[in-house]
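# A look at the structure
Here is how the chains run, residue by residue.
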Amino acid sequence: MPGTVMPKTATPGPALPWPGPAPAPAQLHRIALVDVNSFYVSCERAFDPALAGIPVVVLSNNDGCVVARSDEAKALGIKTGEPWFKLADAAPRLGLVQRSSNYELYGDLSSRVMELLGRYALWQEVYSIDESFLGLAGTAAELDAQGADIRAAVARHTGLPVCVGIGTTKTLAKFANRIAKQNKHLGGVCNLDTMDPDVVETIMSRVPVTGLWGVGAKLGKRLHALGIRSVADLKAADPALIRSRFSVTLQRTVLELNGTSCLPLEEERADRQQLIFSRSFSAPVTTAAEMRQVMSIYAQQAAARLEREGQHARVLTAYAGTSHFSQKAASFPSVTVRLQSPTSDPVVLTRAAVGALEDSIVEGVPYTKAGVMLSGLSDAGAQPVFDEFVSAHEHRHLGELLGKVADKYGAASIGLGLAGLSSAKPDWTMSRKFSSPRYTTEWEELPVVKAC
């Protein structure tokens, strides 16, 4: 009807949320890089608290040069690779303490750390003796807590300090670990998810590109020529251009810096193609008789490794050499022997190594290094072998027996022939004058606790 006002239809408004708890924070899947701070030095300090807070260096084979430094040693300007003889006279004045490389201790503590880290992870990739990538899951806050728990557990069970970097890719986790190490206020844990993005970008702009995982000095110079000087510069670079000018590897680094994961988990390394046991001598070997003892010991050490890893070798190469700086006659004999069948038998390998160099050693020439290389490796039992070609010693599992005795009583407790029991070490064995005890692997050197 005229003049009648029709009622307006109500327009539906936004639906009101049903009263209830707030949605749970999103679960994140992240990569953590856990690495032991100054690993060799930290292993020494774990059993000798008197070394805490003072400059410490760990030396290479035969106590030649510096291979690891504490922060206090770095502050003194000591460089990796610096010869010890140049530091020895000044060491007392500087308060500098030196230690020989204690590989038995470092290897054992490394295995303990890696086993412990695996308990906290969805997956684990052991990257080096002191580094491991871990897969973690949880909210951003839970990831922070997991990082703190990992640090506390490693410190409690091994006495070693670690830092934890957490990111969406391996490259970012590695970079976060660097941030954790260099910023003490973070408490050893850096989770990029809980950091201010502007702060992360600022840090990236201040870190030189050579401070990034996988970018060395030579590559850094080539990047500088393109104006790429910092981590932030590389992150902002065109991935296609980087691939065309450099490599697909560096392109992956650019993508990883921008959050795209390109480096998959390596659950198993590629099959090893060869095994090498080689050492430099602390005193030159000048006779064939001494070299026979060297070859005997090295071959049995290599055989022990094969036995532990369940592998057989088909080819053995024995070699020796004089110093390249020696003023006397140079000699670099190398002889390769194809074994009758794949084996890890210490008797067979010892005979092959000793016999290989028998006619090649020049009496009176000062040999400074020798080694045994095993190649043609395969899993034990992977290749069928006729009984006629299997040694009697292998039927008796002699290698397994020697390994068990050595594991229980020490590497020097048993051996074959010239590598057998001896009251004194040969003069040529590796010099470790400043070595700490093998606290965790030798009964005679275990630390003793006395109750008051």
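How each quantity is defined
Residues numbered from 1 in each chain as written. Predicted model: local features only at pLDDT ≥ 70, side-chain atom pairs only at ≥ 80, totals over all residues. Heavy atoms only, no water. Helix = DSSP H or I, 4+ residues; strand = E, 2+ residues; numbered from the N terminus. Buried < 20%, exposed > 50% of the residue type's maximum accessible area, 1.4 Å probe, protein only. Contact = heavy atoms within 4.5 Å. Areas by Shrake-Rupley, 256 points an atom, 1.4 Å probe, with all protein chains shown as cover. Core = buried A, V, L, I, M, F, W, Y, C linked by side-chain atoms within 4.5 Å. Pairing = 2+ DSSP bridges. Axes fitted to C-alpha atoms, helices over the stretch in contact; angles between N-to-C directions. Phe/Tyr/Trp six-rings, centres within 6.5 Å; stacked < 30°, edge-to-face > 60°. Polar contact = N/O pair within 3.5 Å; in protein donor to acceptor, adjacent residues only side chain to side chain.

Here we come to the overall build of the chain. In terms of regular secondary structure, the chain is built from 16 helices and 13 strands. Counting only residues that meet the buried cut, the chain has 40% of its 452 residues in that class. Contacts in the chain between residues far apart in sequence, at least 24 positions, make up 68% of those at least 6 positions apart. For the chain, the accessible area works out to roughly 25100 Å², and carbon and sulfur atoms hold 55% of it.

A word on the side chain of T317. With respect to the helices and strands, T317 occurs in strand β10 (residues 311–322). You can call T317 buried: its relative accessible area is 7%. If sequence neighbours within four positions are ignored, T317 has contacts with S334, V335, T336, G371, V372 and M373.

Judged by nonpolar contacts, the single largest core of 33 residues is most densely connected at L117, L134, V154 and L160. Looking at which element gives the most residues to this core, the answer is helix α5 (residues 103–118), with seven residues. Apart from the residues lying within four places of it in its own chain, the contact partners of L160 are V36, F39, S42, C43, A46, L109, V113, V154 and A155. Core analysis: the next-biggest nonpolar cluster, separate from the first, contains 31 residues, V285, A302, L316 and L374 among them.

A sheet is described by the order of its strands in space; here five strands give the open sequence β5-β6-β1-β7-β8, paired in mixed fashion. Of all the strands in the sheet, just β5 (124–128) and β8 (189–191) have a single pairing partner and so form its edges. When strand polarity is set aside, the average angle formed by the axes of neighbouring strands in this sheet is 20 degrees. Set on the sheet, helix α6 (residues 140–158) makes contact with β1 (28–36), β6 (131–138), β7 (162–167) and β8; between it and β6 the angle comes to about 140 degrees. Lying on the sheet, helix α7 (residues 170–182) is in contact with β1, β5, β6, β7 and β8; it crosses β7 at an angle near 140 degrees.

Next up on the list: the packing of aromatic side chains. Taken as a whole, this structure holds seven aromatic pairs when the rule is applied. A centroid spacing of 5.6 Å and a plane angle of 85 degrees characterise the contact between Y127 and W213, whose relative ring orientation is edge-to-face. Of this pair, Y127 sits in strand β5 while W213 sits in the loop between α8 (197–206) and α9 (217–225); the two residues are 86 residues apart in sequence, bridging distant segments of the chain. Y127 sits in the partly exposed class, given a relative accessible area of 31%. Look at W213 and you get partly exposed, because its relative accessible area is 23%. Taken together, the aromatic side chains of F39, Y40 and Y106 make up a single cluster linked through ring pairs.

Further remarks concern the side chain of N191. Locating N191 in the fold gives a position in strand β8. A polar side-chain atom of N191 sits 3.2 Å from a polar atom in the side chain of D144. Those residues within four positions of N191 in sequence are excluded, and the remaining contacts are A140, L143, D144 and I166.

Function cannot be read off these values alone, since they describe shape.
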